[in-house]
Structure formats: structure tokens, C-alpha cells
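# Coordinates in review
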Amino acid sequence: TMFSLEDFLNLTDENKERFKELILDHIDENEDIRKGVSTELLEESLKSIKNLKCSIDSEELSIYWDQYEIAIGATGNIQLTIPLYEINFLLTDKARKNLYQLDIEENNAHKMVKQQSREQLDPNGKYVALTFDDGPHSTVTPKILNIVKEYQVQATFFMLGNQAEYDPELVHRVASEGHEIGNHSQTHIDLSMADEFRIHEELNTTNERIKEIVKYNPSLIRPPYGAYNDLLINQAKQLNQPIIMWSVDSLDWQSRDPVAINQEIMNQVTNGSIILMHDIHEETAEALPEVITNLKAEGYDFVIVTELLNWLEAEDIGPHFG
Ligand code: ZN
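Presented here is a report on the structure given in the accompanying data block.

### Thoughts on the coordination of the zinc ion
- Donor atoms from the polypeptide that bind the zinc ion are Asp134 (OD), His184 (NE2) and His188 (NE2), placed at 2.1 Å.
- One chain supplies every donor for the zinc ion, spaced along it as D-x49-H-x3-H. Of this pair, Asp134 sits in the loop between strand S4 (127-133) and helix H6 (140-150) while His188 sits in the loop between strand S6 (180-183) and helix H9 (196-214); the two residues are 54 residues apart in sequence, bridging distant segments of the chain.
- With a relative accessible area of 13%, Asp134 lands in the buried category.

### Section: the pattern of salt bridges
- The full count for this structure, using the stated rule, is 15 salt bridges.
- When the shortest N-O distance is used, the salt bridge between Glu282 and Lys143 registers 2.6 Å. Of this pair, Glu282 sits in helix H13 (residues 282-297) while Lys143 sits in helix H6; the two residues are 139 residues apart in sequence, bridging distant segments of the chain.
- The exposure class of Glu282 is partly exposed, given its relative accessible area of 31%.

### A short note on the sheet that holds strand S3 (residues 78-83)
- The antiparallel open sheet is built from three strands, whose spatial order is S1-S2-S3. Of all strands in the sheet, those bounded by a partner on one side alone are strand S1 (53-56) and S3. Pairwise comparison of adjacent strand axes, ignoring direction, gives a mean angle of 20 degrees for this sheet.
- Pairing analysis gives four bridges linking S1 to strand S2 (residues 60-65), with the strands arranged antiparallel. Within S2, the position partnered with Cys54 by the bridge is Ile63.

### As for the nonpolar core
- Among the nonpolar cores identified, the biggest contains 36 residues, and Leu130, Ile275, Leu288 and Leu295 are the most heavily contacted of them.
- For this core, the elements supplying multiple residues, two or more each, are S4, H6, strand S5 (156-159), helix H8 (168-176), H9, helix H12 (258-268), strand S9 (274-278) and H13.
- Considering each element in turn, this core owes the most residues, six residues, to H13.

### Quick word on the packing of H6 against H13
- Remark: H6 packs on H13, axes separated minimally by 9 Å, with the N-to-C direction vectors making an angle of 10 degrees. Between H6 and H13, the crossing angle belongs to the class labelled roughly parallel. Together, Val140, Lys143, Ile144, Ile147 and Val148 of H6 and Glu282, Thr284, Ala285, Leu288, Pro289 and Ile292 of H13 make up the contact between the two elements.
- Within the contact of H6 with H13, the residues separate by chemical class into eight nonpolar, one polar and two charged.

### With respect to the environment of Ile87
- Its place among the elements puts Ile87 in the loop between S3 and helix H5 (93-116).
- Along the sequence, Ile87 and Leu22 sit 65 residues apart, while their C-alpha atoms lie 8.5 Å from each other.
- In this structure, Ile87 is in contact with Leu9, Phe19, Leu22, Ile56, Leu61 and Ile82, ignoring residues within four places of it in sequence.

### Focus: the pairing of S2
- Counting the residues in the hairpin turn of S1 and S2 gives three residues.
- In the sheet, S2 pairs with S3 via six bridges, with the strands oriented antiparallel. Each bridged residue has a counterpart across the sheet, and for Ser62 the counterpart in S3 is Thr81.

### Thoughts on the packing of aromatic side chains
- One pass over the structure, following the stated rule, counts two aromatic pairs.
- Consider the rings of Tyr127 and Trp311, whose centres lie 4.9 Å apart with planes at 75 degrees: the pair is edge-to-face. With a gap of 184 residues between them, Tyr127 in strand S4 and Trp311 in helix H14 (residues 305-314) connect regions that are remote in the sequence.
- For Tyr127, a relative accessible area of 6% translates into the label buried.
- Arranged with centres 5.2 Å apart and planes meeting at 25 degrees, the rings of Phe132 and Phe157 form a pair that is stacked. Note that Phe132 is positioned in strand S4 and Phe157 in strand S5, a separation of 25 residues in sequence.
- Residue Phe157 is classed as buried on the basis of its relative accessible area of 1%.

Conventions used here
Residues numbered from 1 in each chain as written. Predicted model: local features only at pLDDT ≥ 70, side-chain atom pairs only at ≥ 80, totals over all residues. Heavy atoms only, no water. Donors = N, O, S within 2.8 Å, 3.2 Å for Na, K, Ca; no water. Helix = DSSP H or I, 4+ residues; strand = E, 2+ residues; numbered from the N terminus. Buried < 20%, exposed > 50% of the residue type's maximum accessible area, 1.4 Å probe, protein only. Salt bridge = Lys/Arg side-chain N within 4 Å of Asp/Glu carboxyl O. Pairing = 2+ DSSP bridges. Axes fitted to C-alpha atoms, helices over the stretch in contact; angles between N-to-C directions. Core = buried A, V, L, I, M, F, W, Y, C linked by side-chain atoms within 4.5 Å. Parallel < 35°, antiparallel > 145°, perpendicular 65-115°, else oblique. Contact = heavy atoms within 4.5 Å. Nonpolar A, V, L, I, M, F, W, Y, C, P; charged D, E, K, R; others polar. Phe/Tyr/Trp six-rings, centres within 6.5 Å; stacked < 30°, edge-to-face > 60°.

Have a look at this one:
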């Protein structure tokens, strides 16, 4: 579709400058375009950013120049493509709504299916959510899946995009056994130290990798190290993926000891707790049967994080962004 750029992009003076730099960078990276372009004509064309001819979809923005418009004739018509996540900062609310609509609807549809398929939670019940970060891991994650299956417990797995890419079958198994999948970034960087391009790339790539395998987006985001800032919060809101921290840290990564893991959890746990563990340590898998047994003995039932949040929300605590 051809349209006026201002329908989709917030063209403040500052944004115009950044957008212009982005276009110049992309032309610079594209040898075929760069070699034919006249710097003068390009500069002239970029003076009125809002008159550029563009098309946009949920993946990318394309800019078109006619033959002779900015380059020598031999170059012909020019099409420059910029991934959408790079211009995320420019998008108007309306554009975001339209462009991301599909993903959001699919995501919500998935959540609804899950909730309907499970019995209503008891307002006076005791619930906790077990969460596992940094996987899927080729040996530990299957052990954990076997244990939670044996004890008929659902859990939430915050996966790294890189790990998901490495072992797609395992991602598929996690989803098909009814567990929830969250986004833990692509490369486990501290997102609070990253710029918005990098944040978007980390979140988006991971969403895409997981969606390729399970056909829906992860429902939640847990930032590595629990580190977040306003940039991350904004992007999470746009993606309709709540940022989820934890309230009980098993310190499994530190103790690497099943007894200590159990003690840590049982000392801290309370109704509505979100318990942090990692499905990359053998000791975590070793501790798990006793963790589940102990929690069950204290009357806790196990739910996925989204269910826990809905339940907390119904109890007037939440929703939890950060
Ligand atoms: Zn982590």
C-alpha cells in the first residue's frame, strides 16, 4: 500500500534526523544502491522526508525512488528495505496497533485456549509458579520435563532465543506438554544497558525463533539478571508481553546443591510466589522432586505464570509490569 509516511511515523524534528541517518546508513551498507546514488540528489530527496514513497508491513519498511530521482539512470528504480524493529521508535500508536495486530491476536487467542482448558482457580487457594530460565538445555530440560510430567505440574520456561534455535525439538516438547514459554532474550545480555534497537532485536529475534517452532509468541518476557529500564518496559508493552520477575530466588546457580535449593525455596515461599530456577544445572533437576513434594505438602498447587497473574489480578494484586 502507498500512503503518507506521517500516517505511520512520528516525524518530529529529532525523529526526522534519526530516520535520515538510518536511511543513509542503509544506503551505505548496500553496495548496489550506493554506487549509483548521487549524494546531492539524495540529500535533496531527504530534505522532505514526509514525501518519500514507502510501503510498510509487520516485517519491514521499504522506500522507493524512481529512476533518475536520486541516482544515475543505469541504476533504475531503487528500493531500500529497513527491518521494522529498526524504526520501532518512529512508529505512531496507530501504526503499532495495525502492524502488530496479527501477532497480538494470535498471542491472546493462545492464552485464552490455555485458560479455558484448565479449571477455574480457587480464590482461596494456594498457588505458586515454578519458572526455569536460560534453557532449553539438551540434558537438563528433558529431566525437568520428565519430573514435572510425573508429578503432573505445569511450569513456565523463559527461553533464550539462541538455545531455542539450537534445540527446536525441545522447545516443541515444552509447549506440547502444556507448559508456558517466555522470552529471556536472544543472547542473555543485560538489556538495561542496551539501546532500543538492540533491545528490540533481542526480543524480536527470540519471539520469531520460538514462534517458528510453536506457532505463537512467548507470552511473557523475563529480562536476564532481572535488569530492565523504561525502554524495555515500553517495548514489552508494545509487544503485549508483560515483564515478569520473581519473588523467590532458589539461588540454584549459586549453591548448586539440591538441599540448599530446597531450603531456600521453602524459607521464602508464600501464596502467589513466582519461583526462579534454571533448567541448565543438574542439581536443579535433582532438587525438583523434593521441591514439588514439599510445596504440595504445604498445600500449594502449581500454575503457569499467566494463570497466576490472572488469579492475582482477580484478587486485586497486579497486573505486574516489572
Ligand atoms: Zn538468565
